[in-house]
Amino acid sequence: MAGWLTAQPYAHRGLHDSAAGIIENTPSAFRAAIAGGYGIECDVQISADGEAMVHHDFILGRLTRGNSRLDERSAADLKAIEFFATSDRMLTLGELCDLVAGRVPMLVELKSRFDGDERIAARTAAVLNGYSGAAAAMSFDPVQIAATRRLAPRLPRGLVAQKRETDDPGRAMSRLGYARAVLRACPQFLAYRVQDLTTRPPRAVRSLLRRPVLTWTVRTPEQRNAAIQHADQMIFEGFRP
């Protein structure tokens, strides 16, 4: 596994600060992370016309004008939508790659509805295959990571996970289906929720499989201490490490 993966902390959705008008997953947040020397964690999901858009929410409205599903709008439409608190506009993954230009590593989380649609994996693989900087793909959905492995076998890939509870996105799949997809994905690292770091899966991945464990989202001094003790690197928010 590439050493850059754990070399520096990652700013969750960029180094955002809403009080300062720097909104998550926007050019301003990514520039702030680069200026601070932090890696970038971001989210991508598919547009109606097959583009990988850098945005977290499936439904517009929390940070932007509008209330439609993101995957019902074209990339051109989405790039024109106004955010409430900034003049920034939504980026495509390709535009983010151009902005970062290899200056810091990127963790690209593939958002999924667990419906078997692999378009976001295909588009992410196509974009990152042509990117010369350090980048890795990861997702809660192992089907997306299995597709990434098939389409871009040299691209570092990881599984995002947490303790299997009612809020775990992985519950959208049966345990057997999830396990089979993980085997097909063959993830090279794990990104695990900081509250669950002392549970069995991250401990086994780190000690038995000898694969890196990242942790999300670190926001407090106590969580930072847990990350130092039980993970190889952190994805942080709300402070500067």
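See the structure shown above.
Residues numbered from 1 in each chain as written. Predicted model: local features only at pLDDT ≥ 70, side-chain atom pairs only at ≥ 80, totals over all residues. Heavy atoms only, no water.

So, on to unusual backbone geometry. It is generally the case that most residues other than glycine have a negative phi and that most peptide bonds are trans. Not every positive phi belongs to a glycine, and Ala 101 is a case in point at roughly 50°. In the Ramachandran plot, Arg 210 falls in the positive-phi region, its phi being about 60° despite a non-glycine side chain. Here Arg 210 shows up in the loop between helix 7 (200-207) and strand 9 (213-218). For Arg 210, a relative accessible area of 69% translates into the label exposed. (Helix = DSSP H or I, 4+ residues; strand = E, 2+ residues; numbered from the N terminus. Buried < 20%, exposed > 50% of the residue type's maximum accessible area, 1.4 Å probe, protein only.)

When we look at burial in helix 4 (residues 119-129), the residues that qualify are Ile 120, Ala 121, Thr 124, Ala 125, Val 127 and Leu 128. Each buried residue of helix 4 sits inside an arc of 170° when the element is viewed along its axis, so together they form one side. (Arc of directions from axis to C-beta.)

The buried count for strand 6 (residues 135-139) comes to five of five residues, which makes it a mostly enclosed element. Residues Ala 135, Ala 137 and Ser 139 line one face of strand 6 and the alternating positions Ala 136 and Met 138 line the opposite face, and both faces are buried. Across four bridges, strand 5 (residues 106-110) lies against strand 6 in parallel orientation. Pairing of Leu 107 across the sheet is with Ala 136, part of strand 6. Read from strand 5 through helix 4 to strand 6, the crossover connection turns out right-handed. With three bridges connecting them, strand 6 and strand 7 (residues 157-161) associate as parallel partners. Bridging from a neighbouring strand, Ala 137 pairs with Arg 157 of strand 7. Crossover strand 6 to strand 7 through helix 5 (residues 142-151) is right-handed. (Pairing = 2+ DSSP bridges. Right-handed = clockwise from strand over helix to strand, strands pointing away.)

All right, on to the pairing of strand 5 then. Within strand 5, five of the five residues are buried, which leaves it mostly tucked inside the rest of the structure. Bridging between strand 2 (residues 39-46) and strand 5 involves five bridges; their strand directions are parallel. For Val 44, the partnering residue across the bridge sits in strand 5 and is Leu 110.

Ranked by internal contacts, the top residues of the largest apolar core, which has 65 residues, are Ile 40, Leu 93, Leu 96, Val 100, Met 106 and Leu 107. In this structure, Ile 40 is in contact with Tyr 10, Ala 11, Phe 30, Ala 33, Ile 34, Val 100, Val 104, Pro 105, Met 106 and Leu 107, ignoring residues within four places of it in sequence. In this structure, Met 53, Leu 60, Phe 83 and Met 90 belong to the second largest nonpolar core, which totals ten residues. (Core = buried A, V, L, I, M, F, W, Y, C linked by side-chain atoms within 4.5 Å. Contact = heavy atoms within 4.5 Å.)

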